[in-house]
Amino acid sequence: MLTKKGKYGLKALVDLARLEPGETAFITEIAQRNNIPKKFLDTILLELRNAGMLRSKKGPGGGYSLSRPAAEIRIGHVIRTLDGPLAPIRCASRTAYEVCEDCNDPETCQVRVSMTTVRDAVASILDSMTLEEFAADKSMPLEAPEEKRVG
């Protein structure tokens, strides 16, 4: 599940992706436009800057901007930066793998095998989606599975 930190980070990046080239935005402006607590946004933007996605400039004409074109920023990288691995459980993670305490054989555990498939599907979508597509709402259309209704 995407945390508030991840959600707010994506909202802030979309805000910055929609600026004109060379334009910057102050944290207070981004926070107000997106209904994000400023103090929390400070931390998020610092992490994104440290990950190389943002640049900041102090003084008049200062603020935050993307450090590279939105077409070069992958949504999967953003989420991993802010929220960590995409896997729904640790034993299905590529970057933060841990064996479950209750697992006798990770190689044959059906929960791990299934969650690895889920991780791969999620990573495939998020790693192919750019911030430019995300900001323009041009992400891949997915067919929704048919709903099964009981009763």
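Taking an unreviewed UniProt entry as the reference, the protein is identified by name as Rrf2 family transcriptional regulator belonging to Ensifer oleiphilus.

Topic: the domain arrangement of the protein
Often, the extent of an interface is quoted as the loss of accessible area on bringing the components together. According to the domain assignment, the protein consists of domain 1 (4–66) and domain 2 (73–136). Taking only C-alpha atoms, the centre of domain 1 and the centre of domain 2 are 26 Å apart. Each partner contributes to the interface: domain 1 provides 14 residues, whereas domain 2 provides 11 residues. At the boundary of domain 1 with domain 2, total buried surface from both sides reaches about 1100 Å², with 80% on carbon and sulfur atoms. Where domain 1 packs against domain 2, one counts zero salt bridges. For the side of domain 1 that touches domain 2, the elements supplying multiple residues, two or more each, are helix 1 (4–17) and helix 3 (38–50). Tallying contributions element by element places helix 1 first for the side of domain 1 that touches domain 2, with seven residues. Taken together, the residues that form the side of domain 1 that touches domain 2 break down as nine nonpolar, two polar and three charged.

Considerations on helix 1
The terminal C-alpha atoms of helix 1 lie 20 Å apart, and with 14 residues this matches the ideal 20 Å at 1.5 Å per residue to within 8%. Restricting attention to buried positions, one finds in helix 1 the residues G6, Y8, G9, L10, A12, L13, V14, D15 and L16.

Regarding the pattern of salt bridges
Counted according to the given criterion, the structure contains seven salt bridges. K5 is the partner of E47 in a salt bridge, and the nearest nitrogen-oxygen pair spans 2.6 Å. One end of the pair, E47, is in helix 3; the other, K5, is in helix 1, and 42 residues separate them in sequence.

Quick word on the side chain of R112
In this structure, R112 sits in helix 5 (residues 110–128). The side chain of R112 sits in the buried core without any salt bridge; E107 is the nearest counter-charge, 4.2 Å away. Within polar-contact distance, the side chain of R112 engages the backbone oxygen of P106 at 2.5 Å. If we ignore the near neighbours within four places in the chain, the residues touching R112 are I89, C91, A92, Y97, P106 and E107.

Some thoughts on helix 2 (residues 27–34)
Within the span of helix 2, buried status applies to I27, I30, A31 and N34. Buried positions in helix 2, seen along its axis, are confined to an arc of 100 degrees and lie on one side of it. Looking one or two residues past helix 2, N35 carries a phi angle of roughly 55 degrees, positive in sign.

Cut-offs and rules
- Residues numbered from 1 in each chain as written.
- Predicted model: local features only at pLDDT ≥ 70, side-chain atom pairs only at ≥ 80, totals over all residues.
- Heavy atoms only, no water.
- Domains from an automatic or database assignment.
- Contact = heavy atoms within 4.5 Å.
- Buried area = accessible area lost by both parts, 1.4 Å probe.
- Salt bridge = Lys/Arg side-chain N within 4 Å of Asp/Glu carboxyl O.
- Helix = DSSP H or I, 4+ residues; strand = E, 2+ residues; numbered from the N terminus.
- Nonpolar A, V, L, I, M, F, W, Y, C, P; charged D, E, K, R; others polar.
- Expected span 1.5 Å × (residues − 1).
- Buried < 20%, exposed > 50% of the residue type's maximum accessible area, 1.4 Å probe, protein only.
- Lys, Arg positive; Asp, Glu negative; His and termini not counted.
- Polar contact = N/O pair within 3.5 Å; in protein donor to acceptor, adjacent residues only side chain to side chain.
- Arc of directions from axis to C-beta.

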